[in-house]
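Listed below, chain by chain, are the residues.
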Amino acid sequence: MFKTISLPASSPLLAQPFIFGVATASFQIEGARDTRLPCIWDTFCQQPHSIADNSNGDNACEHVKYWQQDVAMIADLAVDAYRLSIAWSRVLHQDGSINQQGVDFYRNLLKALKARNIKTFVTLYHWDLPQHLEDQGGWLNRDTAQAFADYTDVVSRELDGLVDSYATLNEPFCSAYLGYEIGVHAPGIKSQQAGRQAAHHLLLAHGLAMQVLRKNCPDVEAGIVLNFSPSYPLTKADEHAAMLAEQYHNQWYIKAILTGAYPALLNQLSDTVKPVIGDNDMAIISEKVDFIGVNYYTRIHYSRTADNWFAEAELKNVPVTDMGWEVYPQGLTELLLSLHRQYQLPKVYITENGAAMADTLTEGCVEDIERVDYFHTHLNAVHAAVEQGVNVQGYFAWSLMDNFEWAYGYNKRFGLVYVEYATQKRILKQSAKQYRALLKQRKK
Ligand code: IFM
């Protein structure tokens with residue numbers, strides 16, 4: 001078990017222009033529910049049994065209240081960049097007019113970060129669709145893609161000059177599959193057809209938003225953040241199943257974006273499940289991106305089902321995080337190398353990587369040695385990929401601080417910083433101190 005986070009002294013990760021950062025998302029930290037429109041996660045949290053601890057995002061980390069101290073804390077970590085998301089429901093009223101208070105919140109936050117020389121990585125959509133749009137069909141309604149482009153237009157004008165890097169969407173897989181296909185995330189719909197159609201409309205929204213960003217801020221880099229849980233066969237006999245899962249869950253998004261086509265698996269879907277695709281959609285979806293954000297936490301094993309499809313298979317006796325996710329750092333190297341072989345990749349940022357652990361606050365300290373080990377091994381996995389030619393230019397730890405972990409509520413802690421929710425006190429864990437030590441060493 002590594003007690004420090006370190007990299008070889010000659011690692012390109014320790015040299016310019018590699019960026020180190022921390023990441024969060026609006027609904028998970030902001031709170032201040034009363035100063036924005038309701039979103040699909042507010043509604044979902046009210047449904048019985050949807051959230052493990054019956055909690056919601058009403059208060060979360062009260063970041064809207066404590067943002068100044070949070071900015072100071074981010075600066076204290078010696079990071080180069082902060083990745084945050086904008087809540088659509090905080091910047092627009094239902095009639096499409098601007099919620100000035102919400103816009104001012106983000107403007108002030110971004111200005112304060114820039115004043116401390118911290119680069120601003122802004123994600124436009126991290127799952128919190130305004131509820132009134134869900135009432136019109138949400139991501140099943142093609143008009144939502146255009147509504148997202150209109151929202152992007154407002155945000156990119158209002159935040160002009162304050163953003164260094166835009167990501168359109170965070171993890172469209174989660175919005176579509178978890179939200180509309182198996183219903184464990186908001187809005188809780190369980191339909192394969194809905195999942196595939198939502199995925200298509202999300203990708204279309206991404207493409208339309210890219211066009212807006214190119215027009216409004218041609219000098220600001222723009223891309224998308226995708227999550228990958230690479231698919232591995234449980235046994236030799238399961239290789240085909242793993243290949244199907246890989247296409248369905250991972251390649252579905254990156255292939256559409258980088259090549260303008262869905263994986264071949266699309267043709268195996270029945271006509272009732274296939275998404276409706278407009279004539280020009282794939283060209284819009286494959287609008288050139290400046291970067292792909294890669295979120296990696298674990299790999300997944302699959303086995304073949306009786307109907308020749310795939311099902312998740314559990315590996316026994318492997319190290320897991322508090323989420324039950326296997327700790328498999330080599331998977332990150334393997335993923336990056338495999339994407340590098342398959343595609344003409346633009347630059348890559350690791351936009352999320354981290355681990356939930358059962359942290360305990362003892363005498364004011366959190367000795368999260370397993371998380372230190374996780375960051376150490378995963379950063380070295382990125383190093384290995386870069387040494388083999390993958391153009392990775394940044395790494396963001398998930399997450400800055402403990403927060404609302406979606407369907408798990410506040411039970412799962414991913415933070416570098418411990419949040420004592422009753423007092424909203426932030427306490428740097430050992431992992432935060434080690435991450436900072438690594439970054440400071442580089443800055444000498
Ligand atoms: O907390 C989430 C985040 O919102 C999106 N990516 C995965 C994280 C851990 O589950």
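As the structure is a computational prediction, the values presented were derived from the model and not from experiment. Counting of residues starts from 1 at the beginning of each chain's written sequence and follows it residue by residue. For this predicted model, a pLDDT threshold of at least 70 governs which residues receive local features, and a threshold of 80 or more governs which side-chain atom pairs are given and counted, while totals over whole chains, interfaces and linings are taken from all residues. Side-chain metrics rest on all non-hydrogen atoms present in the structure, leaving aside hydrogens and water.

Engineer: Would you mind going over the sheet that holds strand β6 (residues 231-233) with me for this structure?
Structural biologist: Through backbone hydrogen bonds, the strands of a sheet pair up, either in parallel or in antiparallel fashion. With mixed pairing, the 3 strands of this open sheet are ordered in space as β6-β8-β9. In the strand order of this sheet, the two ends are held by β6 and β9 (310-313), each with one partner. Averaged over all pairs of adjacent strands, the angle between their axes in this sheet comes to 50°, without regard to strand direction. Relative to strand β8 (residues 300-304), β6 runs parallel, the two being bridged by 3 bridges. Any two strands with at least two DSSP bridges between them are considered paired. Strands are runs of DSSP state E lasting at least two residues, helices are runs of H or I lasting at least four, and both sets are numbered from the N terminus onward. The axes are straight lines fitted to the C-alpha atoms, using for helices just the contacting stretch, and the angles between their N-to-C directions are given from 0 to 180°.

Engineer: I would appreciate a short explanation of the site of the ligand in the present structure.
Structural biologist: In the neighbourhood of the ligand, the contacting residues comprise Q28, H126, W127, N170, E171, Y297, W325, E352, W398, E405, W406 and F414. Within the side chain of E352, a nitrogen or oxygen atom sits 2.5 Å from a nitrogen atom of the ligand. N or O atoms closer than or at 3.5 Å make up a polar contact, with two conditions inside protein: a donor-capable atom paired with an acceptor-capable one, and, for residues adjacent in sequence, both atoms drawn from side chains. Between the ligand and W398 there is a distance of 3.3 Å, counted from an oxygen atom to a side-chain nitrogen or oxygen. In isolation the ligand has 280 Å² of accessible area, and contact with the protein removes 95% of it. Think of it this way: one heavy atom of a residue within 4 Å of a molecule or strand is enough to make that residue near it. Each accessible area is a Shrake-Rupley result for a 1.4 Å probe, and residues are judged covered by the shown protein chains and nothing else.

Engineer: Is there a simple way to explain helix α5 (residues 100-115) in this structure?
Structural biologist: An α-helix turns once per 3.6 residues; consequently, residues spaced three or four apart project the same way. To estimate the expected span of a helix, subtract one from its residue number and multiply by 1.5 Å. For α5, with 16 residues, the first-to-last C-alpha span of 22 Å sits near the 22 Å given by 1.5 Å per residue. Inspection of α5 places G102, V103, F105, Y106, L109, L110 and L113 among the buried residues, and these make up the whole buried set. Seen from one end, α5 has its buried residues packed into an arc of 155°, which puts them on one side. Exposed side of α5, more than 90 degrees from the buried face: Q101 and A115 are the residues found there. The contact criterion used is simple: two residues touch if any of their non-hydrogen atoms lie within 4.5 Å. Residues of α5 that are buried make contact with α1 (26-29), α3 (63-76), β2 (81-85), α4 (88-91), β3 (119-125) and α7 (143-158). When a residue's accessible area, from a 1.4 Å probe over protein chains only, is under 20% of the maximum for its type it is buried; when over 50% it is exposed; and in between it is partly exposed. Each direction from the helix axis to a C-beta atom contributes to the arc, which is the arc of those directions.

Engineer: Sorry, what's going on with the sheet that holds strand β10 (residues 347-353) here?
Structural biologist: Reading around the barrel, the 8 strands line up as β1-β2-β3-β4-β5-β7-β10-β11 and close back on themselves, with parallel pairing between neighbours. Going across the sheet, the axis of each strand differs from the next one's by a mean of 25°, ignoring polarity. Bridging between β10 and strand β11 (residues 392-398) involves 4 bridges; their strand directions are parallel. Counted as the bridge partner of N353 is A397 from β11. Relative to the sheet, helix α9 (residues 192-216) contacts β3, β4 (165-170) and β5 (221-228), its axis offset from that of β4 by approximately 165°. Helix-sheet contacts for helix α10 (residues 239-259) involve β5 and β7 (291-296), and the interaxial angle to β5 is about 160°.

Engineer: Where do I start with the environment of L258 in this structure?
Structural biologist: One can find L258 in helix α10. Sequence-wise, L258 and K288 are 30 residues apart; in three dimensions their C-alpha atoms are separated by 7.6 Å.

Engineer: I would appreciate a short explanation of the packing of aromatic side chains in the present structure.
Structural biologist: Here a ring pair, both rings aromatic, is described through the centre-centre distance and the interplanar angle of the planes. The pairing test for Phe, Tyr and Trp rings, Trp by its six-membered ring, is centres within 6.5 Å, and the orientation test on the planes gives stacked under 30 degrees, edge-to-face over 60, and tilted for anything in between. Scanning the model with the defined rule gives 39 aromatic pairs in all. When the ring of W325 is compared with that of F414, the centres are 6.1 Å apart and the planes differ by 50°; the resulting orientation is tilted. On the criterion of sequence distance, the pair formed by W325 in the loop between β9 and α12 (330-342) and F414 in the loop between β11 and β12 (417-420) is long-range, its members being 89 residues apart. Under the relative-accessibility criterion, W325 is labelled partly exposed at 27%. Between the aromatic rings of Y349 and F396, the centroid separation amounts to 6.5 Å while the plane-to-plane angle is 90°, which identifies the pairing as edge-to-face. One end of the pair, Y349, is in strand β10; the other, F396, is in strand β11, with 47 residues separating them in the sequence.

Engineer: What should I look at first to understand the pattern of salt bridges in this one?
Structural biologist: A side chain with one charge can pair with a side chain of the opposite charge if their charged atoms come near. Put simply, a salt bridge is a Lys or Arg side-chain nitrogen that is within 4 Å of an Asp or Glu carboxyl oxygen. What the rule picks out here adds up to 23 salt bridges. When the shortest N-O distance is used, the salt bridge between R426 and D70 registers 2.9 Å. Here R426, found in strand β13 (residues 425-428), pairs with D70, found in helix α3; they are 356 residues apart in sequence, far enough to count as distant. The residues R426 and D70 share a single accessibility class, namely buried. Salt-bridge contacts for E239 lead to K236; the nearest nitrogen and oxygen are separated by 3.1 Å.

Engineer: Even after reading the chapter, I still don't get unusual backbone geometry, so can you show me in this structure?
Structural biologist: Where the residue is not glycine, phi is negative for most of them; where a peptide bond is considered, it is trans in most cases. Cis rather than trans, the peptide bond between Q16 and P17 has omega equal to 0°. Note the cis peptide between W398 and S399, where omega equals 10°. Non-glycine residue E171 carries a positive phi angle of around 50°. You can see E171 is positioned in the loop between β4 and α8 (172-181). Relative accessible area serves as the criterion here: at 6%, E171 is assigned to the buried category.

Engineer: Can you walk me through the nonpolar core in this structure?
Structural biologist: Considering soluble globular proteins, one finds that nonpolar side chains tend to be buried as a cluster. In this description, a nonpolar core means a group of buried Ala, Val, Leu, Ile, Met, Phe, Trp, Tyr and Cys residues linked to one another through side-chain atoms lying within 4.5 Å. The biggest cluster of nonpolar side chains holds 139 residues, and the ones touching the most others in it are W41, Y166 and Y435. The element contributing the most residues to this core is α9, with 12 residues. Residues in contact with Y435, not counting those within four places in the same chain, are I5, F20, G21, V22, V79, L379, Y395, A397 and L416. I19, A23, F121 and V327 belong to the second-largest nonpolar core, a separate cluster that totals 19 residues.

Engineer: Before we go on, may I ask you to explain the pairing of β4 in this structure?
Structural biologist: Sheet faces and side chains relate simply in a regular strand, where the side chains alternate between the two faces. Among the 6 residues of β4, 6 are classified as buried, and the element is accordingly described as predominantly covered. Summarising the sheet, β3 and β4 pair through 4 bridges and their orientation is parallel. Across the sheet, T123 pairs through a bridge with A167, a residue of β4. Alignment of β4 against β5, held across 4 bridges, turns out to be parallel. In the sheet register, Y166 faces β5, and the bridge partner there is A222.

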